[in-house]
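# Observations on chain architecture
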Amino acid sequence: MLRIDVSMMSRGCLLLPAVSITATSSSREIPAARATELKPRVRCERPQILWASRVSRSKFPELLPRIARLLPGCDIHAYGAREFGYRWPFAKSVLFPNADLGGPIAKAPNLHWHGSYRGFSALPIERFDAMLYTSLFDGLPNALLEAGAHQIPIVAPMVGGIGELINNGTGWPVENPYDAREYADQVRKVLAPLSDARRRSMELGHLIAERHSFGRFGELVRSLVEDGQQDRQLRA
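Residues numbered from 1 in each chain as written. Predicted model: local features only at pLDDT ≥ 70, side-chain atom pairs only at ≥ 80, totals over all residues. Heavy atoms only, no water.

### Comments concerning the pairing of strand 6 (residues 48–52)
We apply this condition: A simple rule labels every residue: compare its accessible area, found with a 1.4 Å probe on the protein chains alone, to the largest value its type can have, and call it buried under 20%, exposed over 50%, or partly exposed in between. Runs of H or I in DSSP of at least four residues are treated as helices and runs of E of at least two as strands, each being numbered from the N terminus. Two strands are counted as paired when DSSP detects at least two bridges linking them. Crossover handedness is defined here as right-handed if the route from the first strand over the helix to the second strand goes clockwise, with the strands pointing away from the viewer.
Among the five residues of strand 6, five are classified as buried, and the element is accordingly described as predominantly covered. Burial of strand 6 is two-sided: the residues Q48, L50 and A52 facing one way and the residues I49 and W51 facing the other way are all buried. Note that strand 6 and strand 7 (residues 75–79) share five bridges and pair parallel. Among the inter-strand pairings, L50 is bridged to a residue of strand 7, identified as H77. For the crossover that starts at strand 6, traverses helix 1 (residues 64–70) and ends in the parallel strand 7, the hand is right-handed.

Structure representation (structure tokens):
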């Protein structure tokens, strides 16, 4: 069963329906302890793309200006604090946009830097049409779990454990994490008129609810405790 919350209009922006997974079906059980509150989407004149991560070498923010220049019809909004010791010229090209750098790290007018943020829920997530995640090596990032729980379409590289979450059924995977054009192509697919972004983002929401919810965590903890109790009984 799906609960659909529909808001009509807001000044200057169109609010789209928020679809929340709140119940179970006989074929697929969704843990009830999913605390994510979905907000109606706000549709703006230009597509709005989110990047939220650390500004560090492993997250490869150097690629953002290149991707932005390949997507002149979109606005990319980058959030994140600079990791201590990170000194790449990206800090000058984005954090200090008046710097005359030129070359491969030239400024992109549609790349907007917002600095650090206090938790994913503090971001204006209802305004974003997709999340762009860059990385060279990773585990399974919390940012992707949070974005997926909010049913935001995700474009992400197949590095580390990201492939356990993002595939062609739940998102838009990028095979080459160094290739700005592949990232841009996948973003265009998300935004295409006949895109299946809603279906994929809902599938991702189901996957996260099943495997990464507090309900699932509780089940695993209980199972671990019960196994320990049985083991002690056998040893007694």
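### What to know about the packing of helix 3 (residues 142–149) against helix 5 (residues 197–212)
The line we're drawing: Between the N-to-C directions of two axes lies an angle of 0 to 180 degrees, each axis being a line fitted to C-alpha atoms and, for a helix, fitted only over the stretch in contact. Should an angle fall under 35 degrees it is taken as roughly parallel, and over 145 as roughly antiparallel, whereas 65 to 115 is taken as roughly perpendicular and any remaining angle as oblique. By convention, the crossing between two helices is left-handed when the near helix turns anticlockwise from the far helix through less than a right angle, and right-handed when the turn is clockwise. Residue contacts are defined here by distance: any two heavy atoms, one from each residue, within 4.5 Å place the two residues in contact.
Running from N to C, helix 3 and helix 5 point in directions that differ by 120°, and their axes come no closer than 8 Å. With respect to each other, helix 3 and helix 5 are oriented oblique. When the axes of helix 3 and helix 5 are compared, the crossing they make is left-handed. Where helix 3 abuts helix 5, its residues L144, L145, G148 and A149 lie against S201, L204, G205, I208 and H212.

### Some words on the side chain of H150
The condition is simple: Definition of a polar contact: a pair of N or O atoms within 3.5 Å, with one able to donate and the other able to accept a hydrogen when the atoms are protein atoms, and with sequence-neighbouring residues admitted only if both atoms are side-chain atoms.
Tracing the chain through its elements places H150 in the loop between helix 3 and strand 10 (154–157). Here E146 takes part through its backbone oxygen, which lies 2.8 Å from a polar atom of the side chain of H150.

### Considerations on helix 4 (residues 180–191)
Test applied: A helix is expected to span 1.5 Å for every residue after the first.
Helix length check: helix 4, at 12 residues, gives a terminal C-alpha distance of 17 Å against a target of 16 Å (1.5 Å per residue), a fit within 8%. By the burial criterion, the buried members of helix 4 are A180, E182, Y183, A184, Q186, V187 and V190. For helix 4, the secondary structure elements touched by its buried residues are strand 6, helix 1, strand 9 (130–132), strand 10, strand 11 (172–174) and helix 5. Among the residues of helix 4, the N-terminal cap falls to D179, whose side-chain oxygen and the backbone nitrogen of R181 are separated by 3.0 Å.

Just geometry here; none of it tells us what the structure is for.
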